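Listed here are the chains, written in short residue letters.
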Amino acid sequence: MAIVEIKKDIFWTGVVDWNVRTFHGHTYNTNRGTTYNAYLILDDKIALVDTVAGQFADELIEKIKQLIPPEKIDYIIANHVETDHSGALPRLLKLCPSAKVFGTKKCQEGLAKHYGGNWDFQVVKTADKLELGRRTLTFIEAAMLHWPDSMFTYCAEERLLLPNDAFGQHYATCERFDDEVDQGILMDEAAKYYGNILWPLSPLVLKKIEEIVKMDIAIDMIAPSHGIIWRKDPGKIINAYLSWAKNETKPKVVVVYETMWGATEKMARKISEGITDKGISVKLIDIATADRTEVIKEMLDAKGYIIGSSTHNNDMLTAIAGFLAFLKGLKPQKRIAAVFGSYGWAGGAAKSIESVLKEAGIEIAQPSLAVQYVPTDEELRKCLEFGREFASKLL
Ligand code: FEO
């Protein structure tokens with residue numbers, strides 16, 4: 001992808017990773033790929049904000065060379081240690097050995113642990129400034145959004161916020177700006193990103209946004225380190241983050257289940273019917289074949305979760321167990337749940353599921369529903385009622 005001038009003399013010099021399909025190990029399915037965004041600011045002093053993943057170092061360097069000889073870079077702002085943004089840093093610094101690197105104390109420690117390197121590093125804190133000439137960069141520490149080292153960089157003259165991972169999306173496109181892409185896909189990817197990465201950090205997200213509002217800084221562009229740049233309506237993503245961080249939900253139910261011989265699935269379908277009987281929106285998901293990253297996105301704005309599993313070895317099945325372990329780590333708040341499933345001769349799944357949900361801080365709204373072997377017509381009627389009862393709690 002070509003260089004893009006996002007503001008006068010400020011250039012996107014990132015790369016598009018069209019084919020990456022897993023991220024953070026295998027915890028995130030990046031079905032639409034991603035981008036690693038780096039920004040080159042040409043002023044009396046030249047600053048690069050973030051780099052790209054190491055395997056794309058050549059592409060970053062090539063883009064920089066189209067604008068300036070890399071040795072002319074004076075400053076590199078390292079907003080975040082994680083290797084998708086710092087991987088190209090050691091290669092780049094070989095081409096501009098006198099460049100000074102700026103980041104938080106934790107960033108300095110993290111970069112040293114990752115790369116060694118005896119670089120000229122200046123530790124910065126919130127409100128510290130770096131004069132470039134016509135512009136000044138201001139640093140804002142953003143610890144645990146989403147690593148201890150994370151930091152935002154702000155340029156007042158351009159009303160430009162460079163928040164690294166925050167407000168990003170794993171979304172590979174040849175377009176760079178929010179007004180150039182499908183809004184549904186953009187917000188879908190932003191929600192997926194929040195739900196799967198930032199959700200457990202929601203109290204800190206709220207605090208950081210409130211802190212930035214108190215700083216009374218003008219923002220007319222947010223340029224994150226992944227995906228699309230918000231220039232048409234940066235308020236849209238800030239408001240979405242506020243809503244997600246407050247755990248605001250819709251009257252919507254996500255039914256997630258795993259079935260062994262189809263009985264639990266029959267129950268799930270009938271329960272879902274009961275939910276829609278009450279006019280409540282439902283998503284029915286077999287976790288064994290679903291994309292977990294998408295399921296979490298569905299759960300981000302849903303008030304109710306209904307979780308089901310057949311019993312196997314006195315416990316839930318393994319795909320739902322893995323899913324619930326992940327969900328627990330995301331610490332959803334203000335949700336209600338109910339549990340169901342089939343069993344052969346001894347139950348156990350429902351108890352295990354309820355136990356994990358309680359540990360996750362999710363309220364169990366009604367007694368679980370268990371059926372031996374295959375549900376009879378009468379038991380399917382109970383499933384229907386189970387769904388209706390749960391839905392009525394969301395009205
Ligand atoms: Fe995109 Fe936390 O790295």
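Coordinates for the structure precede this section.
What this report covers is the structure whose coordinates are included nearby. Nothing here was measured: the structure is a model prediction, and the numbers come from that model. (Residues numbered from 1 in each chain as written. Predicted model: local features only at pLDDT ≥ 70, side-chain atom pairs only at ≥ 80, totals over all residues. Heavy atoms only, no water.)

1. Some remarks on the packing of aromatic side chains
Now for step 1: Applying the stated criterion to the full structure yields nine aromatic pairs.
Now for step 2: Cluster of aromatic residues (ring-pair linked, three or more members): Phe167, Tyr194, Tyr241 and Trp244.
Now for step 3: A cation over a ring is seen here: arginine 176 above tryptophan 12, with NZ or CZ 4.3 Å from the ring centre.
Now for step 4: Arginine 292 extends its terminal NZ or CZ atom over the ring of phenylalanine 326, reaching a point 4.0 Å from the ring centre. (Phe/Tyr/Trp six-rings, centres within 6.5 Å; stacked < 30°, edge-to-face > 60°. Lys NZ or Arg CZ within 6 Å of the ring centre and 35° of its normal.)

2. As for the environment of lysine 63
Now for step 1: Mapped onto the fold, lysine 63 is located in helix α1 (residues 57-67).
Now for step 2: As a C-alpha pair, lysine 63 and alanine 190 span 127 residues in sequence and 27 Å in three-dimensional space.
Now for step 3: Non-local contacts of lysine 63, meaning those with residues more than four positions away in its chain, are made with Met1, Ala2, Ile3, Trp12, Thr13, Gly14 and Val15. (Helix = DSSP H or I, 4+ residues; strand = E, 2+ residues; numbered from the N terminus. Contact = heavy atoms within 4.5 Å.)

3. Some details on the pattern of salt bridges
Now for step 1: A full pass over the atoms with the stated rule returns 27 salt bridges.
Now for step 2: Between arginine 231 and glutamate 180 there is a salt bridge, with the nearest N and O atoms lying 3.8 Å from each other. Taken together, the residues span a long stretch of sequence, with arginine 231 in the loop between β16 (221-222) and α7 (234-245) and glutamate 180 in the loop between β15 (160-162) and α5 (183-198) at a distance of 51 residues.
Now for step 3: For glutamate 298, the salt bridge identified is with lysine 283, shortest N-O distance 3.9 Å. With glutamate 298 in helix α9 (residues 292-300) and lysine 283 in strand β18 (residues 281-286), the pair connects residues that are 15 residues apart, well separated along the chain.
Now for step 4: Relative accessible area serves as the criterion here: at 37%, lysine 283 is assigned to the partly exposed category.
Now for step 5: Put simply, Arg32, Asp188, Glu189, Lys192, Lys250, Lys252, Lys283, Glu294, Lys297, Glu298 and Asp301 are held in one network by salt bridges that share partners. (Salt bridge = Lys/Arg side-chain N within 4 Å of Asp/Glu carboxyl O. Buried < 20%, exposed > 50% of the residue type's maximum accessible area, 1.4 Å probe, protein only.)

4. Observations concerning the packing of α5 against α7
Now for step 1: Viewed as axis vectors pointing N to C, α5 and α7 meet at an angle of 40 degrees, and their least axial separation amounts to 11 Å. When the interaxial angle is binned, α5 and α7 end up oblique. Remark: the crossing between α5 and α7 carries right-handed chirality. Within the contact between the two elements, α5 uses Gln183, Met187, Ala190, Ala191, Tyr193, Tyr194 and Leu198 and α7 uses Lys236, Ile237, Ala240, Tyr241, Trp244 and Ala245.
Now for step 2: Looking at side-chain class alone, the contact of α5 with α7 contains 11 nonpolar, one polar and one charged residues. (Axes fitted to C-alpha atoms, helices over the stretch in contact; angles between N-to-C directions. Parallel < 35°, antiparallel > 145°, perpendicular 65-115°, else oblique. Left-handed = near helix turned anticlockwise from the far one by under 90°. Nonpolar A, V, L, I, M, F, W, Y, C, P; charged D, E, K, R; others polar.)

5. Observations concerning the nonpolar core
Generally speaking, a soluble globular protein has its nonpolar side chains buried in company with each other.
Now for step 1: Counting residues in hydrophobic clusters, the biggest one holds 93 residues, and the most contacted among them are Ile73, Ile237, Tyr241, Trp244, Met299 and Leu324.
Now for step 2: Looking at this core, the element that brings in the most residues is α5, giving eight residues.
Now for step 3: In this structure, this core is formed jointly by two domains, domain 1 (4-245) and domain 2 (254-392), each of which donates at least three residues.
Now for step 4: Residue contacts for leucine 324: discarding those within four places in its chain leaves Ile307, Met316, Ile353, Val356 and Leu357.
Now for step 5: Grouped together as the second largest cluster of nonpolar side chains are 25 residues, Ile41, Val124, Leu132 and Ala172 included. (Core = buried A, V, L, I, M, F, W, Y, C linked by side-chain atoms within 4.5 Å. Domains from an automatic or database assignment.)

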